[in-house]
Amino acid sequence: MNLLALPRTLRVGGGAVNETPAVLAGLELKRPLIVTDPFFAKNGLAERVAELLAQAKIATRTFSETVPDPTVASVEKAVAFLAAGDHDSVIGLGGGSPIDTAKAVAVLSVHGGKMRDYKAPHLQDEAGLPIIAIPTTAGTGSEATRFSIITDEERDEKMLCAGLAYLPIAALVDYELTLSMPARLTADTGVDAITHAIEAYVSKRANPFADALALAAMRTLWDNIRLAYADPANRAAREKMMLGATQAGIAFSNSSVALVHGMSRPIGAFFHLAHGLSNAMLLPAVTAFSAEAGLERYADCARTLRLATEHQSDAEAAQTLVDALFTLNADLAVPGPRRLGIEERRWQEVTPTMAQQAIASGSPANNPRVPDAAEIEALYGRIWQTS
Ligand SMILES: [Fe+2]
């Protein structure tokens, strides 16, 4: 049996953000806290949402101090801010970090305790405050997932927090909010979404419901990522990337991610790289490592992306996928750890801890080929060599 879960409502399309008051009214929510970051506080988007809600007589306060890769301290600050007001819901407005912060606030403000208590394998299904998500990147899929990633800054660990309590009740998926994303962010978040689609499909927890969304998302994202990267103002490409990212989010929330994400979170925790970037540098090498244990599934991906035909064997098709992922990284100018200025000594020094954290997150156990610690360490070594 599969547990399938989606937001109760998704409004997808240009201008969807204008529907925020109607969505809240429909849910009888009257006192939301807007959770966003300093960028959207300054550029007017948070104000625009607050103004829309004010016109509908919905009173808001705005917490705008979320940080990239939200830390326990930053979440606690937001929880205290919420407690100083009178709120019945939270609106996560921004990229994955503000949305994940809003999710953590929604749970902690109702159930108390420390964020560390909620780290996987803990499952938080009992509801917190209702969450409304308004994403501004086409990538994390957080608007449609039952996960939040919070960094334990004392232990340099990105904690995976899972359960239905983190699933937004509603999401407003408006591609127009992504039109101003710079090329680098477009590439990194886009590859994150492609990784969600591939990992959801090859995961040991794959199921027919998630499969359909994963394959649809994969093709949509693949066909549009280079366009959106080269021409950030391309509205058609942006619209498709946003749709694909949300579909991929639904897919992995109802299947799982796997080894790429398991290995990516520790890189982010130790070296403070953007989540999509650390995924991107891992995706080709991890796919090469994993393919032999899931040839049929990887071949399906290759054929869906029209990289291979039915006449080629699964092994040949899977190899075309690996090759195409290396080419995609080159086309999107994805830098490796060395080019980012990370010290080799430091990379090697933390490799055993990164491998342990990866395994502890549970994600590698969903991979078609389940690696041991030594194999994960060897993969981190390979990532270094190829950069
Ligand atoms: Fe991701």
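For the structure given in this document, a descriptive report is provided here.

Thresholds, definitions, all that
- Residues numbered from 1 in each chain as written.
- Predicted model: local features only at pLDDT ≥ 70, side-chain atom pairs only at ≥ 80, totals over all residues.
- Heavy atoms only, no water.
- Helix = DSSP H or I, 4+ residues; strand = E, 2+ residues; numbered from the N terminus.
- Rg over C-alpha atoms; globule rule 2.2 N^0.38 Å.
- Contact = heavy atoms within 4.5 Å.
- Lys, Arg positive; Asp, Glu negative; His and termini not counted.
- Charge placed at Lys NZ, Arg CZ, Asp CG, Glu CD.
- Donors = N, O, S within 2.8 Å, 3.2 Å for Na, K, Ca; no water.
- Tetrahedral: all angles 85-135°; square planar, octahedral: opposite > 155°, others 65-115°.
- Buried < 20%, exposed > 50% of the residue type's maximum accessible area, 1.4 Å probe, protein only.
- Core = buried A, V, L, I, M, F, W, Y, C linked by side-chain atoms within 4.5 Å.
- Phe/Tyr/Trp six-rings, centres within 6.5 Å; stacked < 30°, edge-to-face > 60°.
- Lys NZ or Arg CZ within 6 Å of the ring centre and 35° of its normal.
- Expected span 1.5 Å × (residues − 1).
- Salt bridge = Lys/Arg side-chain N within 4 Å of Asp/Glu carboxyl O.
- Pairing = 2+ DSSP bridges.
- Axes fitted to C-alpha atoms, helices over the stretch in contact; angles between N-to-C directions.

1. What about the overall build of the protein chain?
In step 1: When you go through the protein chain residue by residue, the secondary structure sums to 14 helices and eight strands.
In step 2: Relative to the compact-globule value of 21 Å for 387 residues, the protein chain shows a C-alpha radius of gyration of 20 Å, a close match.
In step 3: For the protein chain, the spread of C-alpha atoms along the principal axes amounts to about 60 × 45 × 45 Å.
In step 4: Long-range contacts, defined here as pairs at least 24 residues apart, represent 77% of the contacts in the protein chain between residues at least 6 apart.
In step 5: Averaged over its 34 positive side-chain charges, the protein chain has a centre that lies 2 Å from the centre of its 43 negative ones.

2. Concerning the coordination of the iron ion
In step 1: Surrounding the iron ion are the protein donor atoms Asp192 (OD), His196 (NE2), His261 (NE2) and His275 (NE2), at 2.1 to 2.2 Å.
In step 2: Bound by four donor atoms, the iron ion shows angles of 85 to 167 degrees at the metal and therefore irregular coordination geometry.
In step 3: The class for Asp192 is buried, based on a relative accessible area of 2%.

3. Details of the nonpolar core
As a rule of thumb, nonpolar side chains are buried together in soluble globular proteins.
In step 1: With 78 residues, the main nonpolar core has Ile194, Met263, Ile267, Phe271, Trp347, Met354 and Tyr380 as its most contacted residues.
In step 2: The dominant element in this core, judged by the number of residues it contributes, is helix α6 (residues 183-202), at nine residues.
In step 3: In this structure, Ala78, Val107, Tyr118 and Cys161 belong to the second largest nonpolar core, which totals 24 residues.

4. Looking at the packing of aromatic side chains
In step 1: Per the stated rule, a full pass over the model turns up seven aromatic pairs.
In step 2: Members of the aromatic cluster, joined through ring pairs, are Phe270, Phe271, Trp347, Tyr380 and Trp384.
In step 3: Positioned over the ring face of Phe81 is Arg61, at 4.0 Å from the centre of the ring.

5. Overview of α6
In step 1: Taking 1.5 Å per residue as the helical rise, α6 with its 20 residues ought to reach 28 Å, and the 28 Å between its terminal C-alpha atoms agrees with that figure.
In step 2: Across the 20 residues that make up α6, a large majority, 17, are buried.

6. Remarks on the pattern of salt bridges
In step 1: Applying the stated criterion across every chain, the model contains 20 salt bridges.
In step 2: Linking Arg116 and Asp152 is a salt bridge whose minimum nitrogen-to-oxygen distance equals 2.8 Å. With Arg116 in the loop between α5 (96-111) and β5 (131-135) and Asp152 in strand β6 (residues 147-152), this residue pair connects regions lying 36 residues apart in the sequence.
In step 3: Taking the relative accessible area as the measure of exposure, Arg116 reaches 33% and is therefore partly exposed.
In step 4: A salt bridge links Arg345 to Glu343; its shortest N-O distance comes to 3.3 Å.
In step 5: Residue class for Glu343 comes out partly exposed when judged on its relative accessible area of 48%.
In step 6: A network of salt bridges, in which partner residues are shared, links Arg116, Asp152, Glu154 and Arg155.

7. Structural notes on the side chain of Asn329
In step 1: Position of Asn329 among the secondary structure elements: in helix α12 (residues 314-331).
In step 2: Those residues within four positions of Asn329 in sequence are excluded, and the remaining contacts are Ala280, Met281, Pro284 and Val334.

8. With respect to the pairing of strand β7 (residues 157-162)
In step 1: Among the six residues in β7, six count as buried, and that is most of the element.
In step 2: Burial along β7 is two-sided: Glu157, Met159 and Cys161 and Lys158, Leu160 and Ala162, pointing in opposite directions, are all buried.
In step 3: Relative to β7, β6 is paired through six bridges, and the arrangement is antiparallel. Residue Ile150 lies in a different strand from β7, and its bridge partner there is Met159.
In step 4: Hairpin connection, β6 to β7: the antiparallel pair is bridged by four residues, and Asp156 has positive phi, about 50 degrees.

9. Focus on unusual backbone geometry
When glycine is set aside, most residues are seen to have a negative phi, and most peptide bonds are trans.
In step 1: For the peptide bond that leads from Ala120 to Pro121, omega is 15 degrees, which places it in the cis range.
In step 2: Checked against the element boundaries, Pro121 lands in the loop between α5 and β5.
In step 3: Even without glycine at this site, Lys57 takes up a positive phi of about 60 degrees.
In step 4: Relative to the helices and strands, Lys57 resides in the loop between α3 (45-55) and β3 (61-63).
In step 5: One non-glycine residue, Ala333, lies in positive phi territory at about 50 degrees.
In step 6: Since its relative accessible area comes to 36%, Ala333 is described here as partly exposed.

10. Topic: the sheet that holds β3
In step 1: Strand order in the open sheet formed by six strands is β1-β8-β5-β4-β2-β3, and the pairing between neighbours is parallel. Each of the sheet's edge strands pairs with one partner strand only, and the pair in question is β1 (9-12) and β3. The average angle at which neighbouring strand axes cross in this sheet is 15 degrees, direction not considered.
In step 2: Bridge analysis of strand β2 (residues 32-35) against β3 gives three bridges, and the strand direction is parallel. Within β3, the residue paired with Val35 across the bridge is Phe63.
In step 3: In the packing of helix α4 (residues 72-83) onto the sheet, contacts are made with β2, β3 and β4 (89-94), and the angle to β3 comes to roughly 165 degrees.
In step 4: Together, β2, β4 and β5 form the strand contacts of α5, whose direction differs from that of β4 by roughly 165 degrees.

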